[in-house]
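The residues making up each chain are set out below.
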Amino acid sequence: MSSLKESPSIDVIPDEGERHALTVPPEAGGIRLDKYLTDALAGKTPEGSLSRARLQTLIAEGRVTIGAGDAGRPIVDASYKVKPGDSFTVNVPAPLPAK
């Protein structure tokens, strides 16, 4: 699966979190969205990785969009089968401050 570990575009927005932009390569077609994102983002976030459960939560919250740039629309089905060329943006909120 090393081919899924493309270098996603990452924007870190102070106090807002991070934004990861990814495009599905041909060999990843047919994989579940949550699995694809887990593999593609492994080691690419400041925390190191996002768990599949964490990504499922982000998907359910509408923080994953399909489509390029601002034209993207939320996708809330973690079992969606990705297609080659699909573009996704994952918005990871900044951690809440400790109390």
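Refer to the structure presented above.
Caption draft 1: Region of the structure containing the overall build of the protein chain. On a plain count of helices and strands, the protein chain comes out with 2 helices and 5 strands. Reading the secondary structure of the protein chain in the N-to-C direction produces β-β-α-α-β-β-β. Looking at the 99 residues of the protein chain, the share that counts as buried comes to 35%. For the protein chain, long-range pairs separated by at least 24 residues make up 57% of all intrachain contacts whose partners lie at least 6 apart in sequence. As presented, the protein chain carries roughly 5,500 Å² of accessible surface, and 54% of it is formed by carbon and sulfur atoms.

Caption draft 2: Representation of the environment of Ile66. Checked against the element boundaries, Ile66 lands in strand β3 (residues 64-66). We classify Ile66 as buried; its relative accessible area is 10%. Residues Ile66 and Ser87, 21 residues apart in the sequence, show an inter-C-alpha distance of 5.7 Å. Filtering out sequence-adjacent residues up to four positions away, Ile66 remains in contact with Gly72, Arg73, Ile75, Tyr80, Asp86, Ser87 and Phe88.

Procedures and definitions
Residues numbered from 1 in each chain as written. Predicted model: local features only at pLDDT ≥ 70, side-chain atom pairs only at ≥ 80, totals over all residues. Heavy atoms only, no water. Helix = DSSP H or I, 4+ residues; strand = E, 2+ residues; numbered from the N terminus. Buried < 20%, exposed > 50% of the residue type's maximum accessible area, 1.4 Å probe, protein only. Contact = heavy atoms within 4.5 Å. Areas by Shrake-Rupley, 256 points an atom, 1.4 Å probe, with all protein chains shown as cover.

Taken by themselves, the reported measurements are silent on function.
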